[in-house]
Amino acid sequence: MDLFDFMREQTAEDESPLAARLRPRTLDEVVGQQHIIGRDKLLYRAIKADKLGSVIFYGPPGTGKTTLARVIANTTSAEFTQLNATASGKKDMENVIEKAKERLGMYGKKTILFIDEIHRFNKSQQDYLLPFVEDGTVTLIGATTENPYFEVNGALISRSIIFELKPLSMEDIRVLIKRAVYDKERGMGAYDAVIDEDAEIFLADLSGGDARHALNAIELGVLTTDRSPDGKIHITLDVAKECIQKRVVRYDRKGDNHYDTISAFIKSMRGSDPDAAVYYLARMLSAGEEPEFIARRIMICACEDVGNADPNALVVAVNASLACERIGMPESQIILAMAAEYVATAPKSNTACESVYAAMREVERSGNLPIPPYLQDAHYKGSASLGRGIGYQYAHVYRDHYAGQPNLPEALRDRDFYLPSENGYEKRIRERMAYLTGRTKYTESEELQEREK
């Protein structure tokens, strides 16, 4: 490094944002994530002993993925090289690998390659790294906000240990806020600022576990607030509210938050909890989820989890979907809430779901069994000579409009696919079928209990 490079780095460090200046330099300065860097944990011991293998840090923004990589850079004897997948390509990796080979061959010195936003690399770019991670040319540290099991090459995952970082707690954020305000070396302490406790709590709460968000708010508050008569800069609750005006909502429509939230939404409707259902609905809407996507999930839940226990649930869900298409936001939130609450409070049955799955398994097992001749199409010339439709019993000429004629293929006459539950409207279906058929499957609960297991 020449003098100009040194001066450039010093200038960048001095003028970098507060969040960058406050990055911990040692493990003991790291706040939070004790589930992976506590003193008795594998990652802590590996970093301290400088025996780290390839790892992937996975978690939301502002939780310390890059910070941990920097700490490793400050503690390792290996050469530390960093790439950002948003701005780097295969050529950059080739240069890193070439230098790593020279370093290992000539000096026996290892190279740690830190790739930020590793999920941004496409499959071929990730594949390029495989042999060099495999043979130890480089030790890989990947950082990603996306679930690595979805976004990172499976072969790379198999060669790495995945550490999941959690959103920081309010207490963790408060520690960092105090450090930001009062640290004179790397924080804003030179400005002689103070922060009120209620402002500190407010910022810690609204940051949503994202340290960077809280620190950016502190920096903005200190730099834009006039000094009080006592000569100090006071970060009050009002100042804090101006600096961070909206709660951080963690939601990526292609990431974990998307899948976790929609999963919670569906399970809340299935679990007959309208309060939780409308809460998760609000989280999705607040984060900008498409109303049409939410409406589709409500329709699926109405079929899969309510079914014929309340056939009207599907009618409500479908009409809610159509209404959302015609009306749009913000009014669609009311329509979706109404539908979600209806499905959540409806009696539940998954027998429609179970029946079609059972029938699909039977079709796969037995194939195209012969359809009884009397059910076959008789609307063409010559059908009668082939026996098509002969013997069919027209239901409407019989008592209760029920002929009792078998309709399944002969080999399946004893098979039961749809077994109504005793919930909601299905109880009435069960009673009617028992009356029409006299079959024990509609009158004895043992079969139903066995199916429901």
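Residues numbered from 1 in each chain as written. Predicted model: local features only at pLDDT ≥ 70, side-chain atom pairs only at ≥ 80, totals over all residues. Heavy atoms only, no water.

Describing the layout of surface pockets
Here comes step 1: Each pocket or cavity is described by its volume, and for the second largest pocket that value is around 660 Å³.
Here comes step 2: In terms of lining residues, the second largest pocket is bounded by 23 residues, among which Tyr402, Gln405, Pro406, Asn407 and Arg439 are the most central.
Here comes step 3: Within the lining of the second largest pocket, the residues separate by chemical class into 11 nonpolar, six polar and six charged. (1 Å grid on protein atoms, 1.4 Å probe; cavity = no way out; pocket = protein on both sides within 12 Å on 5 of 7 lines; lining within 4 Å. Points joined across faces, edges and corners; volume = space filled by probe spheres on them. Nonpolar A, V, L, I, M, F, W, Y, C, P; charged D, E, K, R; others polar.)

Examining helix H7 (residues 123-134)
Here comes step 1: Between its first and last C-alpha atoms H7 spans 17 Å; for 12 residues at 1.5 Å apiece the expected length is 16 Å, and the two agree.
Here comes step 2: Restricting attention to buried positions, one finds in H7 the residues Gln125, Gln126, Tyr128, Leu129, Leu130, Phe132 and Val133.
Here comes step 3: Packing partners of the buried residues in H7 comprise helix H6 (90-107), strand S3 (111-116), strand S4 (139-144), helix H8 (148-151) and helix H9 (154-158).
Here comes step 4: Immediately downstream of H7, the backbone of Gly136 shows phi near 85°, a positive value. (Helix = DSSP H or I, 4+ residues; strand = E, 2+ residues; numbered from the N terminus. Expected span 1.5 Å × (residues − 1). Buried < 20%, exposed > 50% of the residue type's maximum accessible area, 1.4 Å probe, protein only. Contact = heavy atoms within 4.5 Å.)

A closer look at the sheet that holds strand S2 (residues 79-84)
Here comes step 1: Taken in spatial order, the five strands of this open sheet run S2-S3-S4-S1-S5, and their pairing is parallel. With partners counted over all chains shown, the strands left at the sheet margins are S2 and strand S5 (161-164), one partner each. Neighbouring strand axes in the sheet, compared pairwise and without regard to direction, differ in orientation by 15° on average.
Here comes step 2: For strand S1 (residues 55-58) and S4, the ladder comprises four bridges, and the chain directions are parallel. By the bridge assignment, Val55 is partnered in S4 with Ile141.
Here comes step 3: Sheet contacts for H6: S2 and S3; angle to S2, the most-contacted strand, approximately 175°. (Pairing = 2+ DSSP bridges. Axes fitted to C-alpha atoms, helices over the stretch in contact; angles between N-to-C directions.)

Regarding the side chain of Thr351
Here comes step 1: By the element assignment, Thr351 lies in helix H19 (residues 351-366).
Here comes step 2: A relative accessible area of 5% places Thr351 in the buried class.
Here comes step 3: In this structure Thr351 touches Tyr418, Leu419, Pro420, Ser421 and Glu426, once residues within four positions along its chain are discounted.

Brief notes about the pattern of salt bridges
Here comes step 1: Scanning the entire structure with this criterion turns up 20 salt bridges.
Here comes step 2: Arg270 serves as the salt-bridge partner of Asp305, at 2.8 Å between the closest nitrogen and oxygen. Here Arg270 lies in helix H14 (residues 256-270) and Asp305 lies in helix H16 (residues 291-306), a separation of 35 residues in the sequence.
Here comes step 3: On the accessibility criterion, Asp305 (8% relative accessible area) is buried. (Salt bridge = Lys/Arg side-chain N within 4 Å of Asp/Glu carboxyl O.)

From the geometry alone we can't say anything about function, so treat these as descriptive.
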